[in-house]
Protein chains: 2
Amino acid sequence: MCEANAYILKEDKEELLMERVDRVVPQNGEIYLESIWGQRKTIAGRIKELNLVDHRIVLELAPEEKTASL
Amino acid sequence: MCEANAYILKEDKEELLMERVDRVVPQNGEIYLESIWGQRKTIAGRIKELNLVDHRIVLELAPEEKTASL
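A few points on the structure. Worth saying up front: this structure is predicted, and the values here are computed from it rather than measured.

### Quick notes on the overall build of chain A
Part 1: Looking only at helices and strands, chain A has zero helices and five strands in total.
Part 2: Listing every helix and strand of chain A by position from the N terminus yields β-β-β-β-β.
Part 3: Computed over the C-alpha atoms, the radius of gyration of chain A is 11 Å, within 12% of the 11 Å expected from 2.2 N^0.38 for a compact globule of 70 residues.
Part 4: Dimensions along the principal axes, computed over C-alpha positions, put chain A at roughly 35 × 25 × 15 Å.
Part 5: Burial status across chain A gives 44% buried among its 70 residues.
Part 6: Taking all contacts inside chain A whose residues are at least 6 apart in sequence as the whole, residues at least 24 apart take part in 29%.
Part 7: A distance of 1 Å separates the average location of the 10 positive side-chain charges in chain A from that of its 14 negative side-chain charges.

The structure is reproduced here in structure tokens:
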């Protein structure tokens, strides 16, 4: 299976947000994520980088969300 | 290997843009793509959707690019 793990970049550190993500849909400044198990999350942010061979999705919070806890 | 193919959505049809994409980096309204063979492309557009289990990256051109040929 070729899903990836999604990480949030926080103060230059990556925090695991969701494992085994299948679908990623950016929309209106938000990112909708869905895992192979049907887990769903939406965060206010953007995709910083994908490394598919390494199974990594790196997300960045929207500026106004950076100080909020997830 | 878990790279994906990148498609451009054009008039509701998907056109293959690059095969076996490893890295995807959105930046300043552009998307930088790099394949496992080191092929590189940058397009003015955005990520519409990722389906990693299906190895699919769907991109949309920026509105002002939609009538230009690739």
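### Quick word on the state of the cysteines
Part 1: A complete count under the given rule lists one disulfide over all chains for this structure.
Part 2: The partner cysteine of Cys 2 of chain A in its disulfide is Cys 2 of chain B, sulfur to sulfur 2.1 Å. The sign of the -60° torsion about the S-S bond sets the Cys 2 of chain A-Cys 2 of chain B disulfide as left-handed. One end of the pair, Cys 2 of chain A, is in the segment before β1 (4-10); the other, Cys 2 of chain B, is in the segment before β1 (4-10), on a second chain. This pair shows no difference in class: Cys 2 of chain A is buried, exactly as Cys 2 of chain B is.

### Focus: the packing of aromatic side chains
Between two aromatic rings, the relevant description is the distance of the centres plus the angle of the planes.
Part 1: Throughout the structure, instances matching the rule amount to zero aromatic pairs over all chains.
Part 2: Across from the ring centre of Tyr 7 of chain A, 5.5 Å away, lies the NZ or CZ of Arg 56 of chain A, which sits over that ring.

Reading the values: rules and limits
Residues numbered from 1 in each chain as written. Chains lettered and ligands numbered in written order. Predicted model: local features only at pLDDT ≥ 70, side-chain atom pairs only at ≥ 80, totals over all residues. Heavy atoms only, no water. Helix = DSSP H or I, 4+ residues; strand = E, 2+ residues; numbered from the N terminus. Rg over C-alpha atoms; globule rule 2.2 N^0.38 Å. Buried < 20%, exposed > 50% of the residue type's maximum accessible area, 1.4 Å probe, protein only. Contact = heavy atoms within 4.5 Å. Lys, Arg positive; Asp, Glu negative; His and termini not counted. Charge placed at Lys NZ, Arg CZ, Asp CG, Glu CD. Disulfide = S-S within 2.5 Å. Phe/Tyr/Trp six-rings, centres within 6.5 Å; stacked < 30°, edge-to-face > 60°. Lys NZ or Arg CZ within 6 Å of the ring centre and 35° of its normal.

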